[in-house]
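Listed below, chain by chain, are the residues.
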Amino acid sequence: MAAESGRSNESVVISVGSLVSSLRNRRRRSMLPSNCIFKTPSILFRHKEISFLPNRFSIGPMHHGNQNLVPAEKIKIEYLEGLLSRVIISRSQTMPDEAMEIEQQNILSDWVNAVKKIEKEASACYEGHDYAAEKGDEFAKIMVIDAVFIIELFRKHARQITIEKDDPIFSMSCMFQFLRHDLILLENQIPWLVLETLFEKTKLPSEKSLIELTLHFFDNLFTSYPPDHTKICPLINGHDIKHILDLLRLSLVLPYKEIENRQISAWQPVHSVTRLREAGVKFKKMATDSILDIRFSQGFLEIPCLLIQETTETIFRNLISYEQCLSNCRPIFTSYAKIIDNLIDTTNDMEILCKEEIFDNWLSPEDATQFFNKLYNDTYVKEFYYVELCNKLNAHCNQWWPRWRAAYVHNYFTKPWVIAAQIYAIIMFGLACGKPAKNINYCSNLACI
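Residues numbered from 1 in each chain as written. Predicted model: local features only at pLDDT ≥ 70, side-chain atom pairs only at ≥ 80, totals over all residues. Heavy atoms only, no water.

**Q** In this structure, what is going on with the packing of helix H5 (residues 97-116) against helix H8 (residues 137-157)? I would like to understand it.
**A** When two helices pack together, their arrangement is given by the angle between their axes and by how far apart the axes lie. Following both chains from N to C, one finds H5 and H8 inclined at 110°, their axes separated by 9 Å at the closest point. As far as their axial angle goes, H8 and H5 are roughly perpendicular. The hand of the H5/H8 crossing is right-handed. Contact with H5, carried on its side by Leu 108, Trp 111, Val 112, Val 115 and Lys 116, involves Asp 137, Ala 140, Met 143, Val 144 and Val 148 of H8 and no other residues of that element. (Axes fitted to C-alpha atoms, helices over the stretch in contact; angles between N-to-C directions. Helix = DSSP H or I, 4+ residues; strand = E, 2+ residues; numbered from the N terminus. Parallel < 35°, antiparallel > 145°, perpendicular 65-115°, else oblique. Left-handed = near helix turned anticlockwise from the far one by under 90°. Contact = heavy atoms within 4.5 Å.)

**Q** Looking at this model, I keep getting lost on the packing of aromatic side chains. Mind explaining?
**A** This model, assessed by the stated rule, comprises 19 aromatic pairs. Centroid distance Phe 359 to Phe 372: 5.9 Å. Interplanar angle 20°. Geometry classified as stacked. A residue pair is termed long-range when its members are at least 10 positions apart, and Phe 359 in strand S5 (residues 359-361) and Phe 372 in helix H19 (residues 365-373) qualify at 13 residues. Side by side, Phe 359 and Phe 372 carry an identical accessibility label, which is buried. The rings of Phe 316, Phe 333, Tyr 336, Phe 359, Phe 371 and Phe 372 are connected pair by pair, giving a single aromatic cluster. (Phe/Tyr/Trp six-rings, centres within 6.5 Å; stacked < 30°, edge-to-face > 60°. Buried < 20%, exposed > 50% of the residue type's maximum accessible area, 1.4 Å probe, protein only.)

**Q** How should the nonpolar core be read in this particular structure?
**A** Burial of nonpolar side chains together is a common tendency in soluble globular proteins. Leu 301, Tyr 336 and Phe 372 are the most contacted members of the largest nonpolar core, which has 116 residues in total. When sequence neighbours within four positions are dropped, the list of residues in contact with Phe 372 reads Leu 306, Ile 308, Phe 316, Ile 340, Asp 341, Ile 344, Met 350 and Phe 359. (Core = buried A, V, L, I, M, F, W, Y, C linked by side-chain atoms within 4.5 Å.)

**Q** Mind showing me how you'd approach the pattern of salt bridges here?
**A** Pairs can form between side chains of opposite charge once their charged atoms are near each other. The full count for this structure, using the stated rule, is 19 salt bridges. Notably, a salt bridge pairs Asp 167 with Lys 156, separated by 2.9 Å at the nearest N-O pair. Taken together, the residues Asp 167 in the loop between H8 and helix H9 (168-171) and Lys 156 in helix H8 connect sequence positions 11 residues apart. Taken as a pair, Asp 167 and Lys 156 share a single burial class, namely buried. Between Glu 323 and Arg 249 there is a salt bridge, and its shortest N-O distance comes to 2.8 Å. In this pair, Glu 323 sits in helix H16 (residues 312-325) while Arg 249 sits in helix H14 (residues 244-253), placing the two residues 74 residues apart along the sequence. With a relative accessible area of 3%, Glu 323 lands in the buried category. (Salt bridge = Lys/Arg side-chain N within 4 Å of Asp/Glu carboxyl O.)

**Q** Explanation requested: unusual backbone geometry in the structure shown.
**A** Phi is positive for Ser 206, which is not a glycine, with a value near 50°. Looking at the secondary structure, you find Ser 206 in the loop between helix H11 (192-201) and helix H12 (210-217). The phi angle at Glu 357 is positive, at roughly 60°, despite the residue not being glycine. By the secondary structure assignment, Glu 357 is in the loop between helix H18 (347-355) and S5.

**Q** Explain the sheet that holds strand S3 (residues 300-304) to me, please; I cannot follow it from the model alone.
**A** Pairing within the open sheet is mixed, and its 3 strands lie in the order S1-S3-S2. A strand with exactly one partner marks an edge of an open sheet, and here the two such strands are strand S1 (282-286) and strand S2 (295-297). Taking each pair of neighbouring strands and ignoring which way they run, the sheet shows an average axis angle of 25°. Inspection of the sheet shows S1 paired to S3 by 5 bridges, in the parallel sense. Among the inter-strand pairings, Met 286 is bridged to a residue of S3, identified as Pro 304. (Pairing = 2+ DSSP bridges.)

This is the structure in structure tokens:
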């Protein structure tokens, strides 16, 4: 039968064996516990591609070599040369050019060798690839150039070192905006281990920690009111920081008071801001260390101030994608995105929160509303971290007075012509009540006569 079909049992065995071997190798590459830098899943990528792709700067190996990102490599090299010169000057005030070049090579070799010692661990951070094996010495070179660039950038922004007048990043507004976008992308990360290693190698006397420098650079990413780093940094110290995006997530998650308040089973969404206000809920801006810390008490929904700007959608989408991809990651930020989407249904909801100074919106109300409405499409939340908040709000709205008030306000105070009709009815009712009283007084006077 095998001869008739032209296929042998041996060929079938070889094909199956090859397939099993291929699956086993793929499993080894794709399911490492250390994976923390991922290619954005296509199901999320398709919703807003520009939110996941670098504009000008490639960081790490994923986008390295892309034609539109190559010109920015010149800036990175300039930052590297500046650091090398500064290190040499700090060691010796005067040095011949030839001796300086040799010293630069020695210092650079020391940095590359330091990265090579941890390159396997660094390469294991990238899902689906072993870049250390695939790129060889090029991988360590990419790590050094990109890490030094980021460290020097943070130092300049914090005024730890001098900013040259012709530095394109600080002299061109668009360049700085491009960079803030590019540094928060999930696909554009390098391991924190590499940053920390080279930071310690080049640390300045009495310099701030790398965590402080990073948080300072992103001070106005989430809010117009920079958080108190003296409170946040001690919470982060001791945690396993994976990369910059992970650090930004930790800066939000760790100060969040309700971090253990979650529920696996189904939860009921809350009403929009407009409907909640109709039910008598009042909104209040709250000063807190994390935008995640939303509370409801005694009829007041307290919401931390949120800055809505061009990079807001980028950081939100990349944090959500990160939580969706990272193994055993608690979807706390994704839960926040869901609750905000519940609250923001129309531009009227957005305008209410802006009037209360809860949202500092730099976009149009239409663009900001649309962004929140489509934010968490195709995401999955196994544990929801705002269950108690939802239960409190829904319980308040289900009481007879708030429910009656909401229905009345929604039906009779949302259309101008209905409001006008009610005013007319009240006036007529008042006139009708006044006429009998006038007649009674008139009759009393006649009786007296």
